[in-house]
Amino acid sequence: MAETEVLQRVFALRLYGEPDPSSGGAPVVVLSELAKELESEVPADAPKPVLDPGVLDRALVARLIESPPPNYSQPPIHYLLGCYERSTEELRRGGSNEAVKAAVATARDLILNYAGLALFAGVVPQAPALETRGALQLLDALLLRHGFNAPALASAVAPAFGGPAQAQVYVSGCVAMPAGLLEELAARHDKDEGLTDAVAKMVVELSRLFSRISPLGDPAPYLGALSQLLACEPLARAAVGCRQWLPDLKVATGRAAVLSGACWLGPFFNISPIPDQARGAPSQEPSVAALCFAGAEGRRPGDVNNSVSSLRLAMTGVTASLHGCVKALLKRTTKPAMLRWLGGVLEGNGERGKMEFSPDAAVPDGFMANLAAVLLKLCEPFMDTSPASPFWRRVDPGFVAAGGLLDGALAGETRLAADRDEEAAWRERVGSNGAASPSSPTGASPGAEGDERFHFICQAFFLTAHALHLGPVRIIQSMDDLIRELQWAQENVRQTEDMVASSSNPMEKALLERKLVAWRNALDAASCRYHAAITVLLDPALVANMLSYYRLMAAWLTRLATQGSAGGAGALTLPLPDPAPKDFTCMPEYFVEDMVVVLEYVGRSAPHLLSAAAGGVGVRLDEFAVFFTSLMASPTHVRSAFLRSRMSDVLEMWLPQDEEADGGRGFRSRRGGGADLAALFNCHPLVVEHLAPVLLQLYNEIERTEREGAFYFKFRMRVTIANILKYLWSVPQHRAVWLAFVRGEQYRGTSEKFASMLINDTTYLMGEVLKLLKLLREAEDIRADEAKWGAMGAREREEHQRLAAHNGQQLKALVRSAMSVLDTLNFVTEEVDTTRTFLQPHMVTRLADSLDYFLVYLVGPERRQLRIKNLSEFLDPRELLRRLIVVYLHVDAVDRAAPGAEGAVFAAAIGADKRSFRAENFHEALSVLDSVLTVGQKEALHSLSQRALAASCAAEEDEEMGEGVPEEFLCAIMSTPMKDPVLLPSGVVVDRPNIQRHLLSDPTDPFNRQPLTEDQLVPATDVAQRFAEWRRNRSSVGPQ
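Residues numbered from 1 in each chain as written. Predicted model: local features only at pLDDT ≥ 70, side-chain atom pairs only at ≥ 80, totals over all residues. Heavy atoms only, no water.

Visitor: Help me out: how do you make sense of the overall build of the protein in this one?
Guide: The helix and strand inventory of the protein stands at 46 helices and 5 strands. In terms of C-alpha radius of gyration, the protein reaches 40 Å, well past the compact-globule figure of 31 Å for 1040 residues. Scored against the burial criterion, the 1040 residues of the protein give a buried share of 52%. Counting 104 positive and 127 negative side-chain charges, the protein places the centres of these two groups 2 Å from one another. (Helix = DSSP H or I, 4+ residues; strand = E, 2+ residues; numbered from the N terminus. Rg over C-alpha atoms; globule rule 2.2 N^0.38 Å. Buried < 20%, exposed > 50% of the residue type's maximum accessible area, 1.4 Å probe, protein only. Lys, Arg positive; Asp, Glu negative; His and termini not counted. Charge placed at Lys NZ, Arg CZ, Asp CG, Glu CD.)

This is the structure in structure tokens:
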């Protein structure tokens, strides 16, 4: 009897009695015709038939197929779902009752069978609309289970049912998916072809519905439904086996990855605060721009920040769900398909790697940012740089040559240092070793099914690198353009508002007001895109994972570069091995460039995130500092001087100094860190031992970079390097290393080239500053001449003003660089060792000539040429003069206190400067700086001027004695009498200081362009002896 009652409640069926349309969600149906049939099959005196397992199948045939009840409130599929749900309730009620368990087992067996007949065989009759909806009824139930409300479902299915009214009737009979039914149904019909079709319809429709949801909507039901589908292996296999899994993106373009009908998984990655810029892209609702960022320019920052926080919280849930879905597909037989999808989508969207790309041909920013975030979460278990991490045993650089997933995408990438031939040879060698590089870890486990070459950790590591390259890094690189667009719109709004306010013409004012509306709309649109982008890019969770990932990348690349043990940095020694390992030089350049881009952006936009203190993400920066210190001065490992110089940009942002008034030195202000960053610079042994020498070498090497506009770029980068050197100079252990390095080179080599660059830069930059000041003065004179200005046309005047503004901006940049160089000269000439480099014969004259030339323009009569309006907007002449004088005083003090073998030479070099030296210039400088210089400095400067004057007089006498010097005693480079003649391999005799100066910038023989080094210079003693004899003879008879 209990069994019958259980089955009656489960199926809402009776053989006798009256129908009960009010019994809960499933009205009871009385099968009176079936009862009559059953009665006719038994003797008249037999008990009445009951609904037991023996007749249950016939009861369901009668209920669902032969005589379904008319106008029943539940469609057949949902009726069966309700039956399964009620069977669960019966199990709960029955507890350990074996009869109940047996009845429920029988019931569920039939429920699953008839559900399959209804869904896959079309045996169960349904209304036309329900027949058309088919397996999507399971999706409706699944959505309801995961929190989708009935009105939302009615709205979603209304087109399929011919309108809202019919949809509401359908939804009123829908049942939320019972726990366990979907999984049992999939297991029961695993081999049924209809299951694959049903799952394909479900995921495509789910994808279509999800594609219009924004983070402000309710994505959880959709993602919950997807997660449940993919958690069931038979359903997951069907989902990845359908034709809408991964289209050929090389044919359809990468954009196809976000079209639900072509790639059902793609739209789930497309939800983002960042708008899709492609033409015709479906809008996601509710609108993030309208509800979160509209009018952001005029709102309180707190309001916007609250919107940002809400969006980040919503996207955290989305990312977690997507990660769960991908992880589920990677755990089973669907793993190869999931890996192919990841590789295919990344490879198919190579368009995003271009400097300019069409949004219509690639997935949008939000998609790729989400994909990168999910891949980063997949990497979390092995983002550990300790030697015990499984990472070191699994990652093989050979993946870059033949990983199978990104071969096409990686093949065209620029390499760190290898040229095309070297890369081809490396690829061939890796291929011949069975896709294992010489640095591949030993004992690596096989990878995914169908690919025995690489472990999943290796695949995930390189897939993540490429996803970051095409996603967050690409967005960061576009931010400068977006900021410029925003600033341009702001300026136009301001100008147009001023024009509206000043206009008295009604027609003109109306036109201006329409123009103002257009500019405000443009400003609002740019502002919305900007805030949406930083919502994603500066999400602390994403930043933490990106920093952890690139920290691992830095440690791994360091290991490759040194061919060291796991963790790399522990046993690292400099200089790095030469030649550089091919496993390192053949890695894509973007591995390092993207690391720098991310660190630069975070350091510039959200430096607090770099701190280990509250509010920071707590990622250690040691590996970055070690990596940059190791690579900045190693062109054999990283060919691009531009890229190596950008590493110094990152280090400068990390300088452990508070933002300061700058002491008048003109350096870029910094938002420095605290004790953790101080320890990074001052406690790590390798950084302390090598950072200063490495930066000196880098300062020299960026003289030539491959970057367009490199001539001006090098000065900006040298300011950056100078900032770091300034800090290192202030730290005793760094200064000690620097001075020891100079002594070790015996004041030559890198130190000498650095000093030469400082002199060259001073000469060039100050010269350009003077030139631009003259141009601005000329422009002011033209504007002041009313007749000349009035005679110019409107376009000509506009061009004149544009050029003047451009020259003004360029002047500011050059002054900043010039002040940086002078400041560097100031502090490096404080010590004897670093100053001795400047006092060598081939250096001291250049330094003196440069300083004297600019002193003329700062205190001599020529300074009148440089007077312009608002001069203080560009430079402070008095401060510039002070820095110049400090260099004079520092160099002279060292020259007198610790003279070289030839004695003190600086004052003599100043006096020998026939072009610019005038003693009165020093007197005028004393007058201008009277309140700035100390008494001791004034006395020292006066003494220097007197000694230089005496040297000038002696030089004039020598010059008189030297007139008419035979050509054989003149330097072939400078046509000046030789003091130390040397013979070049080309057979030409030159003065040693002059050829040494030439070799500092050009290591070739100036007469045959063949390579030349100083050890090839042969003293021309015979020429020196003949010249000395000639001078003695000339002296005995006096000048002719």
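Visitor: Explanation requested: the nonpolar core in the structure shown.
Guide: A general feature of soluble globular proteins is that nonpolar side chains tend to end up buried together. Membership of the largest hydrophobic core comes to 316 residues, with the highest contact counts inside it found for W556 and W654. Counting residues per element, this core draws most heavily on helix α27 (residues 540-562), at 14 residues. Split by domain, the residues of this core number at least three in each of domain 1 (1-189) and domain 2 (744-961). Core analysis: the second largest hydrophobic core is formed by 15 residues, V965, C971, L984 and F1027 among them. (Core = buried A, V, L, I, M, F, W, Y, C linked by side-chain atoms within 4.5 Å. Domains from an automatic or database assignment.)

Visitor: Would you explain the state of the cysteines in this entry?
Guide: As enumerated under the stated definition, the model contains 0 disulfides in all. The cysteine C83 is free of any disulfide, with C174 supplying the nearest cysteine sulfur at 15 Å. Left unpaired, C263 is separated from the closest cysteine sulfur, that of C242, by 9.3 Å. (Disulfide = S-S within 2.5 Å.)

Visitor: Before we go on, may I ask you to explain the domain arrangement of the protein in this structure?
Guide: One can read the domain layout of the protein as domain 1 (1-189), domain 2 (744-961) and domain 3 (967-1036). Computed from C-alpha coordinates alone, the two centres of domain 1 and domain 3 are separated by 106 Å.

Visitor: Would you mind showing me how to read a nonpolar patch on the surface here?
Guide: Taken together, I973, M974 and F1007 make up a surface patch of nonpolar side chains, about 250 Å² in accessible area. Here F1007 shows up in the loop between α45 (992-1001) and β5 (1018-1019). With relative accessibility at 38%, the residue F1007 sits in the partly exposed group. (Patch = residues over 30% accessible without salt bridge, like charges linked within 9 Å, V, L, I, M, F, W, Y side chains within 5 Å. Areas by Shrake-Rupley, 256 points an atom, 1.4 Å probe, with all protein chains shown as cover. Salt bridge = Lys/Arg side-chain N within 4 Å of Asp/Glu carboxyl O.)

Visitor: Mind showing me how you'd approach the packing of aromatic side chains here?
Guide: Any aromatic ring pair is given by two values, namely how distant the centres are and how the planes are angled relative to each other. Taken as a whole, this structure holds 38 aromatic pairs when the rule is applied. Taken together, a centroid distance of 5.4 Å and an interplanar angle of 5° make the contact between F715 and Y764 stacked. Here Y764 lies in helix α36 (residues 749-784) and F715 lies in helix α34 (residues 710-730), a separation of 49 residues in the sequence. Take F715: its relative accessible area is 5%, and that puts it in the buried class. By relative accessible area, Y764 is classed as partly exposed at 23%. Three or more aromatic residues joined by ring pairs make a cluster, and in this case those are F382, F391, W392, F399, F454, F461, F462, Y549, Y550, W556, Y590 and F591. Its end group placed over the ring of Y16, K48 keeps NZ or CZ at 4.9 Å from the ring centre. A cation sits over an aromatic face here: R63 above Y72, 4.3 Å from the ring centre. (Phe/Tyr/Trp six-rings, centres within 6.5 Å; stacked < 30°, edge-to-face > 60°. Lys NZ or Arg CZ within 6 Å of the ring centre and 35° of its normal.)

Visitor: Help me understand unusual backbone geometry in this model?
Guide: For residues other than glycine, phi is negative in most cases, and the peptide bonds are mostly trans. The omega torsion across E285 and P286 is -5°, close enough to zero to call that bond cis. Summarising the element assignment, P286 is placed in the loop between α15 (266-269) and α16 (288-293). Residue P575 is reached from L574 by a cis peptide bond, and omega for that bond is 0°. Secondary-structure assignment places P575 in the loop between α27 and α28 (582-585). A positive phi is found at A12, a non-glycine position, where the angle reads about 50°.

Visitor: How should I be thinking about helix α5 (residues 98-121) in this particular structure?
Guide: Note on helix geometry: an α-helix contains 3.6 residues per turn, so any two residues three or four positions apart are oriented the same way. Look at α5: 33 Å from first C-alpha to last across 24 residues, which is about the 34 Å you get at 1.5 Å a residue. The backbone nitrogen of A99 lies 2.9 Å from a side-chain oxygen of the residue at the head of α5, namely N97. Just downstream of α5, G122 is the residue with a positive phi angle, here 70°. (Expected span 1.5 Å × (residues − 1). Polar contact = N/O pair within 3.5 Å; in protein donor to acceptor, adjacent residues only side chain to side chain.)

Visitor: When you look at the pattern of salt bridges in this model, what are you seeing that I'm missing?
Guide: One side chain can pair with another of opposite charge once the charged atoms of both are near each other. Taken as a whole, this structure holds 51 salt bridges when the rule is applied. Measuring nitrogen to oxygen at the nearest pair gives 3.9 Å for the salt bridge that ties R735 to E830. You can see R735 sitting in helix α35 (residues 732-744) and its partner E830 sitting in the loop between α38 (794-828) and α39 (832-836), a full 95 residues away along the chain. A salt bridge links R777 to D781; its shortest N-O distance comes to 3.6 Å. Of this pair, R777 and D781 are both found in helix α36, 4 residues apart, which corresponds to roughly one turn of the helix. We classify D781 as partly exposed; its relative accessible area is 43%. When salt bridges that share partners are traced, they join R9, E89, E90, R92 and R93 into one network.

Visitor: What exactly am I supposed to notice about empty space enclosed by the protein here?
Guide: Rolled over the atoms, a probe as big as a water molecule pinpoints where empty space is left. Under the criterion given, the structure shown has 3 cavities of 30 Å³ or more. Taken as a whole, the largest cavity encloses approximately 70 Å³ of empty space. As for the largest cavity, its lining consists of L696, W738, V742, S751, F754, A755, V828, T834, T837 and F838. Among the elements of the structure, α35 and α36 are those that each provide at least two residues to the lining of the largest cavity. Here the lining of the largest cavity gets 3 residues from one element, more than from any other, and that element is α36. In the lining of the largest cavity, the residues fall into 7 nonpolar, 3 polar and no charged. (1 Å grid on protein atoms, 1.4 Å probe; cavity = no way out; pocket = protein on both sides within 12 Å on 5 of 7 lines; lining within 4 Å. Points joined across faces, edges and corners; volume = space filled by probe spheres on them. Nonpolar A, V, L, I, M, F, W, Y, C, P; charged D, E, K, R; others polar.)

Visitor: I tried to follow the packing of helix α33 (residues 685-701) against α36 on my own but got confused; where do I start?
Guide: Helices that pack against each other are described as a pair by the angle of their axes relative to one another and the distance between those axes. Where α33 meets α36, the closest approach of the two axes is 9 Å, and the angle between their N-to-C directions is 50°. Between α33 and α36, the interaxial angle falls into the category oblique. Here α33 runs over α36; the crossing is left-handed. Touching P693, L696, Q697, Y699 and N700 of α33 are T750, K753, F754, M757, L758 and D761, all from α36. (Axes fitted to C-alpha atoms, helices over the stretch in contact; angles between N-to-C directions. Parallel < 35°, antiparallel > 145°, perpendicular 65-115°, else oblique. Left-handed = near helix turned anticlockwise from the far one by under 90°. Contact = heavy atoms within 4.5 Å.)

Visitor: Mind showing me how you'd approach α27 here?
Guide: Along its 23 residues, α27 runs 33 Å from first to last C-alpha, staying within 8% of the 33 Å computed at 1.5 Å per residue. The buried fraction of α27 is high, at 19 of 23 residues.

Visitor: Where do I start with the sheet that holds strand β3 (residues 981-983) in this structure?
Guide: Each strand in a sheet pairs with its neighbour through backbone hydrogen bonds, running either in the same direction (parallel) or in the opposite one (antiparallel). Taking strand neighbours across the sheet as the criterion, the 3 strands line up as β4-β3-β5 in an open arrangement whose pairing is antiparallel. Only two strands of the sheet have a single neighbouring strand rather than two, namely β4 (989-991) and β5. As paired elements, β3 and β4 share 3 bridges and run antiparallel to each other. When the sheet's bridge partners are listed, L983 is paired in β4 with V989. (Pairing = 2+ DSSP bridges.)

Visitor: Even after reading the chapter, I still don't get the environment of D419, so can you show me in this structure?
Guide: Positionally, D419 belongs in the loop between α22 (407-411) and α23 (420-432). Only 2.7 Å separates the side chain of D419 from the backbone nitrogen of E422, close enough to count as a polar contact.

Visitor: Would you mind going over the side chain of T824 with me for this structure?
Guide: Within the element layout of this structure, T824 appears in helix α38. Given a relative accessible area of 1%, T824 falls into the buried group. Setting aside residues up to four positions removed in sequence, T824 forms contacts with A722, F754 and L758.

Visitor: Explain the environment of P69 to me, please; I cannot follow it from the model alone.
Guide: Of note, P69 is situated in the loop between α3 (53-66) and α4 (76-94). According to the relative accessible area criterion, P69 is buried, its value standing at 18%. Setting aside residues up to four positions removed in sequence, P69 forms contacts with V29 and R63.

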